[in-house]
Every structure is written in C-alpha cells, then in structure tokens.
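# Coordinates in review
Here is what each chain is made of, one letter per residue.
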Amino acid sequence: QTGRYNYGPIWAQVLYIFSWTETTFGLSFRMQIIALLTIADLIIGYFIFRVRGLGIASCFFMNPISIVITGYHNQFDNLAISIACVAMLINRDVQIGPLRWRDVITTMILALSLSTKHVLLVFVVWLAMRQVGAIRKLAYLLIPCLLFLVSFTPFLTSSWAAINKTVIGYDSADNGPIWDLLGIQDGLGPVPITVFFAILLTFIGYLMRRQSQHESLFVYLIFIVVLTPSLVSQYFAIAAIGAIGLFSLWFLPYFIIGAYHMLTGYHELHFASESLLIGLVIPDEPILTTLLAVTFMFIPFALSVGYLAHVLRRRAQLPSVSNELNPMFTSSNVGQLAVSGLDDDDGKR
C-alpha cells in the first residue's frame, strides 16, 4: 500500500504492527495509518503555532494539499517531519557551548526521523553547519546518520536486496522540472543528478546557517521540492509546510495549483467533468490532461516565486526590525542580524 516509494525501517515496522492489529483485532489498516498521520499533522501544526502563531498553524492544518495527502494518499513524509519538529522544539536553537542533554536527545530524535523516512537527511547537514565548535558539528552530523544506518542492521540478512534497491540504489523518475529545464535530468556523464541535488541543497544550507532554526527548516522543506530530481504529488505536502511557515501571500499560487492537481489528477481525487466543486466545473479531457501537465511542471517555479517574494518582503522590513533592536548594537551588527534572517522575536531575544 506504500507503492514504489522508499521508506525507512521504523515505518516498515509500524506497517507490520498495523497489519497485525487489523488481523487480530479487526482495526482497519488504512484508518490506523490515517490516524497516525493526522497526529503527525497536529504535531507539525503545534510546531508552527509555537513559532508563528495560532492563525498560521490553522492555515496549515486546513490547507487542501495536506488534507488530501494525509487522508487519501496516506503518504508518511509528514510523519518524519513531525518527529523532526519535536527535535526542534527540544533543541531551542542552541548552537554554542558544550554538548548538553538537549543536544543528545535532539540528535537521537533526528535519527528516528531519518529512520522513518530520510526526507531531512540533508537538513541534518544544515544543522551541523549551524553549530559552533568541531565537537558540536560532528555530534549533530554523525549521531543521526550513524543511528540511521544502525537501524537497518536487523534487516540486513532478510531484506538486504530490498534495502539496496529501494534505499541505497533508489531509482527516481528523473522528472524534476528544474533539471528538465536545464537538460540534465539524467545527470552529467557518470555523475547522477542526485549528486548535484545534494550539493546544491547543502550550499543553500550554508547560506542559511545564520537564520533562525525554524526559518531554516521551512526553507529546506521548500527547496527540497524545488530541486528534487523526481517530483511526485506526495511532495506537495512537504513544501506546504515550508510555504505556510514562511507565510507569504505570494505562495498562494502554489496552493491553488497544488489543490487543482489534487482534485483533478488521475492518481489524486480525479473529479469528473460533471463534478461541481464550489461553483467551479472541473474541465474534462483533453483540456484536463494538458492543464495537469502544465500545473505539475509549474509547482517548483510557483514555490520559487513565493520564496523570492518572502525574501524581498523581509528586506523591506529591515529598517523597522533594526529600530527595535537594542541600541548597543552597532550598525554592522544590526546588518549582520538582519541578513541572517532573524524575525522580530529572535531579534528581541
């Protein structure tokens, strides 16, 4: 029921437990998945509430993209992200000093997130780059990754072939719109496109290393979809978290395009032409097929435009942010804080 998508050992065990409870107690396998994924969305909503407020958190929980992915697709990317959100809440964006218990717990929870699905694998690198001191950098990089690898050891004998095929040697559809536009969707020579994807995403993390922790997470969730070598509709829910977390009205086209695709796509809710939804008649073939192809390809560009508008808005707000900062800061320090992307609350802290 998880299709061709790769998943980690933790989620595999969860599915096994759900199958057992269905057989033993008659609990619906699918409803158990939906319940767990709904809890994951609630955790993400709580994280957004803590860093952005109740209104924006409500927008996340009610956005149509996440509703369809959770309730209809039953894809579990948000489960891995919700676990990471718990780690971010525990961590409190501490980047300096000796390793404390919060740091150890944070890295272990991040390992659990990766073991569910490695959506945030490169984000672990982002977090490591944010740390001050070699010990902290190594701890944030190695502990999650090593525990993630260790989580596969119980399955090496029985399932190594499946692990090698669906995790290590995962073969994507190579339909990333950005890479298609550049004409290198198959990579360059012996170098696969996933290498360029990882390098570029890591470079963005380096540029973002001075931003607040939650801001970095939201940006990461946007750019992992913008730059993905293989775009599938389940990824729309990943970017939805980042877009709502940054909360710019310029992301609205993304949600309109994504919602249209979720309503009309063949693998989505596929409303027929006679369906009537909020006064809008869903167009029939062949117009439907053409529009779906176009909207699907425009997803990364709609996200890019939304993020660019967010950056320009933040720069326009810099003078007002600077005025609220402590007067002891020099103009150069104020500029450094502003460029690092701190919001009003971070600046006050």
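The structure presented is a predicted model; accordingly, all values stated were derived computationally and were not measured.

This part takes up the overall build of the protein chain. Scanning the protein chain from N- to C-terminus turns up 18 helices and two strands. Put simply, the protein chain has 349 residues, and 47% of those count as buried.

With that out of the way, let us pick up unusual backbone geometry. It is generally the case that most residues other than glycine have a negative phi and that most peptide bonds are trans. We note that N74 has phi near 60°; this positive angle belongs to a residue other than glycine. As for its placement among the helices and strands, N74 is situated in the loop between helix 4 (64–73) and helix 5 (77–91). Phi angles above zero are rare outside glycine, and F247 is one such case at about 50°.

As a further point, take the pattern of salt bridges. Considering all chains together, one arrives at five salt bridges under this definition. In this structure, R52 engages E215 in a salt bridge whose closest nitrogen and oxygen atoms are separated by 2.7 Å. One end of the pair, R52, is in helix 2 (residues 29–52); the other, E215, is in helix 12 (residues 213–226), with 163 residues separating them in the sequence. On the accessibility criterion, E215 (2% relative accessible area) is buried. It is possible to trace a salt-bridge network through shared partners that takes in R52, E215 and R314.

Another point: the environment of S28. Residue placement: S28 occurs in the loop between helix 1 (9–25) and helix 2. Linking S28 and F18, residues ten residues apart in sequence, is a C-alpha distance of 8.3 Å. In this structure the side chain of S28 is engaged in a polar contact, spanning 3.3 Å, whose partner is the backbone nitrogen of M31.

Bringing the nonpolar core into the picture now. W126, L201, Y220, F223, Y254 and L303 are the most contacted members of the largest nonpolar core, which has 66 residues in total. Looking at which element gives the most residues to this core, the answer is helix 12, with ten residues. Residues W11, F18, F29 and L79 belong to the second largest nonpolar core, which totals ten residues.

Relative to the helices and strands, F148 is located in helix 8 (residues 134–150). Given the relative accessible area of 8%, F148 is considered buried. For the pair F148 and S115, spaced 33 residues apart in sequence, the C-alpha separation works out to 5.4 Å. Not counting the four nearest positions on each side in its chain, F148 is found in contact with A111, L114, S115 and H118.

On to the environment of L231. Mapped onto the secondary structure, L231 falls in the loop between helix 12 and helix 13 (236–246). Separated by 69 residues in sequence, L231 and P300 place their C-alpha atoms 9.1 Å apart. Those residues within four positions of L231 in sequence are excluded, and the remaining contacts are N175, G176, P177, V225, F236, F296, I299 and P300.

What follows is about helix 7 (residues 121–130). With seven of ten residues buried, helix 7 lies mostly within the body of the structure. Within the span of helix 7, buried status applies to V122, F123, V124, W126, L127, A128 and R130. Where helix 7 is buried, its residues touch helix 5, helix 6 (101–116), helix 8, helix 11 (193–207) and helix 12.

So, about the confidence of the model for the protein chain. Segments scoring low in pLDDT should not have their predicted coordinates read at a detailed level. A residue-level look at the protein chain finds 78% of positions with pLDDT of 70 or above and a mean pLDDT of 81. Throughout residues 1–5 the model reports pLDDT below 50, and contacts reaching past four residues in sequence, or to other chains, amount to 13 contacts.

It is at 11 Å that the axes of helix 2 and helix 12 come closest, and there the two elements cross at 130°. Put simply, helix 2 runs oblique to helix 12. Crossing of helix 2 against helix 12: the hand is left-handed. Each of F47, I48, V51 and R52 in helix 2 lies in contact with helix 12, whose residues at this interface are H214, E215, L217 and F218.

Turning our attention to helix 2. Each α-helix winds once per 3.6 residues, and so residues spaced three or four apart point in a common direction. For helix 2, spanning 24 residues, the distance from its first C-alpha to its last is 34 Å, which sits close to the expected 34 Å at 1.5 Å a residue. Those residues of helix 2 lying buried are F29, Q32, I33, I34, L37, A40, D41, I44, G45, F47 and I48. Elements in contact with the buried residues of helix 2: helix 1, helix 3 (54–62), helix 4, helix 5, helix 12 and helix 13. G53 occupies a position one or two residues after helix 2 and carries a positive phi of about 115°.

To continue, consider the packing of aromatic side chains. Per the counting criterion, the structure on display carries ten aromatic pairs. The interplanar angle of 80° and the centroid separation of 5.1 Å between the aromatic rings of F223 and Y307 together place this pair among those described as edge-to-face. Of the two residues, F223 is situated in helix 12 and Y307 in helix 15 (residues 287–316); the sequence distance between them amounts to 84 residues. The exposure class of F223 is buried, given its relative accessible area of 14%. Here Y254 and F255 contribute two aromatic rings whose centre-to-centre distance is 5.2 Å and whose plane-to-plane angle is 75°, an arrangement assigned as edge-to-face.

Here we take up the side chain of S248. Along the chain, S248 turns up in the loop between helix 13 and helix 14 (252–264). In this structure S248 comes out as buried when scored by relative accessible area, which is 10%. In this view, S248 contacts A243, G306, A309, H310 and R313; residues no more than four positions away in its chain are not counted.

The subject of this paragraph is the packing of helix 7 against helix 8. In a packed pair of helices, the relevant descriptors are the angle between the two axes and the axis-to-axis distance. Contact geometry of helix 7 with helix 8 gives a least axis separation of 7 Å together with a crossing angle of 160°. Judged by the inter-axis angle, helix 7 sits roughly antiparallel to helix 8. Between helix 7 and helix 8 lies a crossing whose hand is right-handed. The segment helix 7 lies against helix 8, with L121, V124, V125, L127, A128 and M129 engaging K137, Y140, L141, P144 and C145. Taken together, the residues of the contact of helix 7 with helix 8 break down into ten nonpolar, no polar and one charged.

Thresholds applied
Residues numbered from 1 in each chain as written. Predicted model: local features only at pLDDT ≥ 70, side-chain atom pairs only at ≥ 80, totals over all residues. Heavy atoms only, no water. Helix = DSSP H or I, 4+ residues; strand = E, 2+ residues; numbered from the N terminus. Buried < 20%, exposed > 50% of the residue type's maximum accessible area, 1.4 Å probe, protein only. Salt bridge = Lys/Arg side-chain N within 4 Å of Asp/Glu carboxyl O. Polar contact = N/O pair within 3.5 Å; in protein donor to acceptor, adjacent residues only side chain to side chain. Core = buried A, V, L, I, M, F, W, Y, C linked by side-chain atoms within 4.5 Å. Contact = heavy atoms within 4.5 Å. pLDDT = per-residue confidence, 0-100. Axes fitted to C-alpha atoms, helices over the stretch in contact; angles between N-to-C directions. Parallel < 35°, antiparallel > 145°, perpendicular 65-115°, else oblique. Left-handed = near helix turned anticlockwise from the far one by under 90°. Expected span 1.5 Å × (residues − 1). Phe/Tyr/Trp six-rings, centres within 6.5 Å; stacked < 30°, edge-to-face > 60°. Nonpolar A, V, L, I, M, F, W, Y, C, P; charged D, E, K, R; others polar.

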